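Survey of secondary and tertiary structure
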Amino acid sequence: MISCEDLFKINRQLAKAFSDELATFGGRDVVLAGDFAQLPPAGGNASLYSDAVGAWSNSTKPASQHAAIGKALWHEFTTVVILRQNMRQQGMSHEDIMFRTALQNMRYARCTQADERLILSRVWASTPANGGHLPKGFETVSIITARNAYRDGINATRATEFARSRGKELHRFHSVDRWATSKDVGSLRHAQRIYDRTIDPARTSNNLTPNLRMALWKIPPALTNHHAGVLELCEGMPVLLKFNEATELCATNGAQAVVDCWDSSTVNGREVLDTLYVRLVDPPRDVQLPGLPVNVIPLTRNAKTVACTLPAGDSVLNIDREQVMVLPNFAMTDYCSQGRTLAFNLCHLVDCRGHQAIYTCLSRSSSLCHTILIGAFDTSKIRCGASSALKREFRELEILDHITSLRESGTLPSCVHGSTRAPLIASFQAWKGKHFVPPHVHASLNWADEDVHNLEPDFRTTAPNPVTGRSCSGGTSRQSSTTTRLSQRGSGKRPRPEQWGTSRAPK
């Protein structure tokens, strides 16, 4: 899920690319796709539905100004199409039908007791009867977990078991590390905070001492920006790519592969990977390179500046690390699992932060019978109700979806108009009433009995271009050809009239 600031950056880069800074997204049409029921943006950045972001920001921080502009850009998208057919869980058994219902309720954190019992029926535990062995089909399935630290621990344990069970030698490939120069930052306060945490001693060369090199190799990938100090690999081991190596070869961040072979050398008495050859698993299309089997691609050792967080004191040490950017794929985080369909789904939900994380993990399953939970979890997270900001976003998207449907069928009256979200919804509510609920809306979202004050559209995210009132006399609507524009440079101030331009975002 992208954040408000991410949308601002997309707009800014398109404006630069097409040399049109006055038109939204550089004058190009943009289509956004996603699911707000899944995880919010990583890193704590404000989501597109966040209550903490309005259209204007008095903050002196560029990030706050960028987020405000990004939120306003999001509200320029007024054509919404909600895809309602479930294409992942299509089983017709009684359990699968109940599973789909539970997932629908989980989207809004309104699971029933029957939903809870169904989900908890899939909890697996090690017993003397099963000898601690997972059921057939789950032996090498990647476990979805909430924390990078869990991912690293599971990978380390299962990599050893994988090699032993197949009689393969487990090779330890070390990274090539050197001291890195400190990065320049624009903010003096930010620079001071970084300086206070960063270890950067005076030195005559960028070579690390043997003891320091050994200490850095012991730090898990979760504390080194997922750039492993030591990769434990063997032939046939599943791995996960952690860098966009080559999009034209389907070698993208998050792609799954299996180790085929490698070229290595010795540096400082340690085995170092030069090139790792992997076979892509279910790529979008077949890849054929000269001299290599189908879907086998080479991954070379990359140099990257890595901020290593030391376990003691949370101090940071910047190094230049050369390593092939992959990790064993015996576990992945909930963020990494997004967008996948899994025939066998193995979930560890103990530390999932909320219903969105739990829904993301469980909705990867194609069926209930091939879903296993390792340990129970706090079920109050899936029945506590969605936040008011998320409910409002769902509600407004449902209204916009209904408006889009009426517009496409030619039955939207001319009184319903608006170039941005708030005035468009306000004009629709003036026609239909604030308590009108379109068909197909989930029962947990139904607002027919809500307080009318809670149903007002949020004009804080609308640039100051008031919508002229019209009487509702039928006929088709006419979309305004102009809209108030926000400054592309993120000044945080109201743009001058000459800076306003035609919006090319989908209406």
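Residues numbered from 1 in each chain as written. Predicted model: local features only at pLDDT ≥ 70, side-chain atom pairs only at ≥ 80, totals over all residues. Heavy atoms only, no water.

**Re the overall build of the protein chain**
A count of helices and strands for the protein chain gives 11 helices and 15 strands. A buried classification covers 47% of the 507 residues belonging to the protein chain. Looking at the protein chain alone, contacts between residues at least 24 apart form 69% of all its contacts between residues at least 6 apart. (Helix = DSSP H or I, 4+ residues; strand = E, 2+ residues; numbered from the N terminus. Buried < 20%, exposed > 50% of the residue type's maximum accessible area, 1.4 Å probe, protein only. Contact = heavy atoms within 4.5 Å.)

**Observations regarding the nonpolar core**
Ranked by internal contacts, the top residues of the largest apolar core, which has 62 residues, are F36, M106, I119, L349, I358, L362 and I403. It is helix α10 (residues 388–409) that provides the largest number of residues to this core, a total of eight residues. Apart from the residues lying within four places of it in its own chain, the contact partners of I119 are F99, A102, M106, L362, L373 and F377. Membership of the second largest hydrophobic core comes to 29 residues, among which are C234, L276, V278 and F330. (Core = buried A, V, L, I, M, F, W, Y, C linked by side-chain atoms within 4.5 Å.)

**Here's the deal with the packing of aromatic side chains**
The tally for this structure, following the rule as stated, stands at 10 aromatic pairs. Ring plane angle 35 degrees and centroid distance 5.9 Å describe the contact between W74 and F77, whose orientation is recorded as tilted. Members of the aromatic cluster, joined through ring pairs, are F25, F36, Y49, W74 and F77. Sitting above the plane of the W431 ring, K432 keeps its charged end 4.9 Å from the centroid. (Phe/Tyr/Trp six-rings, centres within 6.5 Å; stacked < 30°, edge-to-face > 60°. Lys NZ or Arg CZ within 6 Å of the ring centre and 35° of its normal.)

**Considerations on the pairing of strand β14 (residues 345–348)**
The alternating pattern of β14 places N345 and C347 on one face and L346 and H348 on the opposite face, and all of these are buried. Strand direction decides the pairing type here: β14 and strand β15 (residues 371–374), joined by three bridges, are parallel. Each residue of the ladder has a partner; that of L346, found in β15, is I372. Between the parallel pair β14 and β15, the chain is carried across by helix α9 (residues 355–362), and the sense of this crossover is right-handed. (Pairing = 2+ DSSP bridges. Right-handed = clockwise from strand over helix to strand, strands pointing away.)

**As for the sheet that holds strand β7 (residues 256–267)**
Taken together, the five strands give an open sheet; going across it, the order is β9-β8-β7-β6-β12, and neighbouring strands pair in antiparallel fashion. Since the sheet does not close on itself, it has two edges, and those belong to β9 (296–300) and β12 (326–328), each with one partner. The mean angle between the axes of side-by-side strands here comes to 45 degrees, regardless of whether they run parallel or antiparallel. In terms of strand pairing, β7 meets strand β8 (residues 270–280) through 10 bridges, oriented antiparallel. Residue pairing in the sheet places C261 in a bridge with Y277 of β8. (Axes fitted to C-alpha atoms, helices over the stretch in contact; angles between N-to-C directions.)

**Side note on the pattern of salt bridges**
As enumerated under the stated definition, the model contains 17 salt bridges in all. Here E235 and K168 are joined by a salt bridge, their closest N and O atoms 3.9 Å apart. Here E235 is found in the loop between β5 (230–233) and β6 (238–241), whereas its partner K168 is found in the loop between α5 (148–165) and β3 (171–174), with 67 residues between them in sequence. The class of E235 is partly exposed, set by a relative accessible area of 41%. Assessed through its relative accessible area of 37%, K168 is described here as partly exposed. When salt bridges that share partners are traced, they join R178, D274, R301 and E322 into one network. (Salt bridge = Lys/Arg side-chain N within 4 Å of Asp/Glu carboxyl O.)

**Section: helix α11 (residues 421–432)**
Over its 12 residues, α11 extends 16 Å from the first C-alpha to the last, a length consistent with the 16 Å expected when each residue adds 1.5 Å. Three or more residues of α11 are buried, namely R421, A422, P423, L424, I425, S427, F428 and Q429. Packed against the buried residues of α11 are α2 (62–74) and α10. Residue G433 follows α11 closely and has a positive phi angle near 100 degrees. (Expected span 1.5 Å × (residues − 1).)

**What to know about the environment of I219**
On the secondary structure map, I219 appears in the loop between α7 (210–217) and β5. The sequence separation of I219 and G229 amounts to 10 residues, and the corresponding C-alpha distance is 7.2 Å. Not counting residues within four places of it along the chain, the set of residues in contact with I219 comprises T224, C308, T309, L310 and P311.

**Quick look at the sheet that holds strand β10 (residues 302–309)**
Within the open sheet, the three strands sit side by side as β4-β11-β10. Their pairing is antiparallel. Each end of this open sheet is capped by a strand with a single partner; those strands are β4 (176–179) and β10. Going across the sheet, the axis of each strand differs from the next one's by a mean of 35 degrees, ignoring polarity. Inspection of the sheet shows β4 paired to strand β11 (residues 316–323) by four bridges, in the antiparallel sense.

**A short note on the state of the cysteines**
Scanning all chains against the criterion turns up zero disulfides. Free cysteine: C384, not disulfide-bonded; nearest cysteine sulfur from C111 at 9.9 Å. (Disulfide = S-S within 2.5 Å.)

**Quick notes on the confidence of the model for the protein chain**
Residues at a pLDDT of 70 or more form 85% of the protein chain, whose mean pLDDT is 85. The low-confidence segment residues 464–507 (pLDDT under 50) makes 105 contacts with residues lying over four places distant or belonging to another chain. (pLDDT = per-residue confidence, 0-100.)

**As for the environment of T157**
On the secondary structure map, T157 appears in helix α5. According to the relative accessible area criterion, T157 is partly exposed, its value standing at 44%. Separated by 173 residues in the primary sequence, T157 and F330 place their C-alpha atoms 9.1 Å from one another.

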